[in-house]
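Close look at the chain arrangement
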Amino acid sequence: MKFIFLLIFIISLNTSTVRAACSNAKKVTLSEEVLYDKVKGAWAGQTLGCSYGGPTEFKFLGTIIQEYIPIPWNKNVVRKWYDTFPGLYDDIYVDLTFVEVFEKCGLEAPVDSFANAFKRTEYPLWHANQMARYNLHQGIKPSQCGNWKNNPHASCIDFQIEADFAGIMSPGLVNQSAKICDKIGHIISYGDGWYGGVYVAAMYTMAYISNDINCIVKEALEIIPKQTGFYQCMADVIKWHKKYPNDWKKTWFELQNKWSEENSCPDGIHNSFNIGTKINCAYILLGLLYGGGDFSKTIDISTRAGQDSDCNPASAGGILGTMLGYNKIPKQWQEALLEVENIPFSNTDISLKKAYEISFQHACKMLLKHGAEKCADCFVFYPEKAIPVDLESSFENLKVMEKRTVEQSVKDLGSYSFSGTGVVVKGYLKGEIPIEYKACMDVYVDGELYESCILPAYINHRKCEPFFCYDLSIGKHTLTFKWNNELPNAQIWITEIITYTNR
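Attention in this report is confined to the structure presented alongside it. No experiment lies behind these values; they were computed from the predicted model shown.

Criteria and thresholds
- Residues numbered from 1 in each chain as written.
- Predicted model: local features only at pLDDT ≥ 70, side-chain atom pairs only at ≥ 80, totals over all residues.
- Heavy atoms only, no water.
- Helix = DSSP H or I, 4+ residues; strand = E, 2+ residues; numbered from the N terminus.
- Rg over C-alpha atoms; globule rule 2.2 N^0.38 Å.
- Buried < 20%, exposed > 50% of the residue type's maximum accessible area, 1.4 Å probe, protein only.
- Polar contact = N/O pair within 3.5 Å; in protein donor to acceptor, adjacent residues only side chain to side chain.
- 1 Å grid on protein atoms, 1.4 Å probe; cavity = no way out; pocket = protein on both sides within 12 Å on 5 of 7 lines; lining within 4 Å.
- Points joined across faces, edges and corners; volume = space filled by probe spheres on them.
- Nonpolar A, V, L, I, M, F, W, Y, C, P; charged D, E, K, R; others polar.
- Expected span 1.5 Å × (residues − 1).
- Contact = heavy atoms within 4.5 Å.
- Pairing = 2+ DSSP bridges.
- Axes fitted to C-alpha atoms, helices over the stretch in contact; angles between N-to-C directions.
- Core = buried A, V, L, I, M, F, W, Y, C linked by side-chain atoms within 4.5 Å.

**Describing the overall build of the chain**
Looking only at helices and strands, the chain features 20 helices and 11 strands. For 503 residues, the compact-globule formula gives about 23 Å, and the C-alpha radius of gyration of the chain, at 23 Å, lands near that figure. Projected onto its principal axes, the C-alpha coordinates of the chain cover approximately 85 × 50 × 45 Å. Across the 503 residues in the chain, those meeting the buried criterion constitute 60%.

**Thoughts on the side chain of Thr 277**
Assignment of secondary structure puts Thr 277 in helix α15 (residues 277-291). Among the polar contacts listed, one links the side chain of Thr 277 to the backbone oxygen of Cys 156, at a separation of 2.8 Å.

**Points about the layout of surface pockets**
For the largest pocket, the calculated volume is near 760 Å³. Those elements that place two or more of their residues in the lining of the largest pocket are α11 (192-207), α14 (248-259), α15 and β4 (399-409). No other element matches the three residues that α15 contributes to the lining of the largest pocket. A breakdown of the residues in the lining of the largest pocket according to their chemical character gives seven nonpolar, 17 polar and eight charged.

**Digging into helix α4 (residues 90-105)**
For α4, with 16 residues, the first-to-last C-alpha span of 23 Å sits near the 22 Å given by 1.5 Å per residue. Where burial is concerned, most of α4 is hidden: 12 out of the 16 residues are buried. Inspection of α4 places Asp 90, Asp 91, Ile 92, Tyr 93, Val 94, Asp 95, Leu 96, Thr 97, Phe 98, Val 99, Val 101 and Phe 102 among the buried residues, and these make up the whole buried set. Remark: Gly 106 follows α4 within two positions and exhibits a positive phi of approximately 90°.

**Some thoughts on the environment of Trp 248**
Within the secondary structure, Trp 248 sits in helix α14. Taking the C-alpha atoms as reference points, Trp 248 and Ala 117, separated by 131 residues in sequence, lie 40 Å from one another. Contacts of Trp 248, omitting those with residues within four sequence positions, involve Ile 64, Glu 67, Leu 286, Tyr 290, Ile 301, Arg 304 and Ala 305.

**Focus on the sheet that holds strand β1 (residues 28-31)**
Read across the open sheet, the three strands follow the order β1-β3-β2; overall the sheet is antiparallel. Looking at strand neighbours, the two that pair on one side only are β1 and β2 (373-375), the edges of this open sheet. Across the sheet, the mean angle from the axis of one strand to that of its neighbour is 25°, orientation sign disregarded. Relative to strand β3 (residues 378-381), β1 runs antiparallel, the two being bridged by four bridges. Looking at β3, one finds that Val 28 is bridged to Phe 381. Where helix α2 (residues 32-53) meets the sheet, its contacts fall on β1, β2 and β3, and the angle it forms with β1 comes to roughly 80°.

**A closer look at the nonpolar core**
Judged by nonpolar contacts, the single largest core of 126 residues is most densely connected at Trp 43 and Tyr 199. Counting residues per element, this core draws most heavily on α11, which supplies 11 residues. Beyond its immediate chain neighbours, meaning those up to four positions away, Trp 43 contacts Ile 92, Asp 95, Leu 96, Val 99, Phe 165, Ile 168, Leu 352, Ala 355, Tyr 356 and Ser 359. One finds Val 410, Val 445, Leu 479 and Ile 492 within the second-largest nonpolar core, a separate group that totals 25 residues.

**Looking at the sheet that holds strand β5 (residues 415-419)**
Spatial strand order, β5-β10-β7-β8: four strands in an open sheet with antiparallel pairing. Since the sheet does not close on itself, it has two edges, and those belong to β5 and β8 (448-456), each with one partner. Shown here is a sheet whose adjacent strand axes are inclined to one another by a mean of 25°, direction ignored. Sheet topology places strand β7 (residues 438-445) next to strand β10 (residues 476-483); five bridges connect them, and they run antiparallel. Its bridge partner being in β10, Val 445 is matched across the sheet by Leu 479.

Structure (structure tokens):
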């Protein structure tokens, strides 16, 4: 026994448990106790951040939630959300769907395993997630379900809010977390939407090996290609934080001025609503950088930045919770989790306590698989230096021409003419419709059949937008709609039509 303690002591002289410099070449030593505490801090921080921001989600669009506006918190808040609106935790239960696949199929689980698990889910989804699930049900290959040609929400926040698992299971292994994101993230997102997940996961990996939040934010960004708008937006936050180190609101206004325009998500076009990855990830950084390692301050700032103000503090809280470890999260936050630790998240079999245990085991296996040495109860390993992922872009060169309110049924509308290179038709099924019904609508472009659109009535299988295309030739075009299986007391209702050009 004395020999083991002596050996651990000798190792500790040449390595460090947690360092300030993420990419330092020195070995890192993580005891099982510390590793478990950090995994627990990751899931707890994410849950707490989501719960704190819950009352404000998308209620403050393009505006700051000022300090005089109270955000209530007490030890019963998390349980209240569990009981009244479990769908709040979509950023966690989607995570856990993929965690469960790793648990059942191993670390080398193929992409089809993740796609099939995601396809079978029956929990509420929105934006890129829902469109990806719809695409899977239509037989589109998993790797193409998030592509912007197949998913108008490819740049939305969805994968960013659920990539936590990839970082949590990859301590110090930033490139391995990126490989996991490549496999799973492209089911859901592409371009900026994918980069957001890659970056958030990277920050988790580095939060295991550094106690400097500035270092974590900056060095994790090296995983993103520098020529991308996503990289440039995050780099701006880091730059403005240095310029205005004591005033996060000044940086917020700089972001609003430069990065708040939305040109992809149909719900955000010509609207103050912004669920885009760039601006919301910037709000994660606002919390992390200006929070200065203080848990309460971090999630409060990420919440008060607005927009997706439950998911942003969830990511910030999870990353900081990893750096601090669960035991350093203030007690007034910890006590809110005690009642729910054993309750599974919506439509999963995994509770917080089970997530701690599973992710800890996955992290141990990842470390051993990628070169860590195990000595007694410690892992000794070299952290990876980030290698930028592949360059990809979505909605490239597309500019919004017009957003027109329609509010007509396709039967009354008949056809629609426009000039441009792309179009998105927003709408939904309404009326007396059996849940199992699937409308079939043929859409013709300039007299040629372009797509036979399947529009399920069942909300969890719905198509977010009835029709979209982005690669038409420049010029005038006419859409013609034909509903093939009409119901007498139902309508395919068109709300708005958005047109694009690439000039």
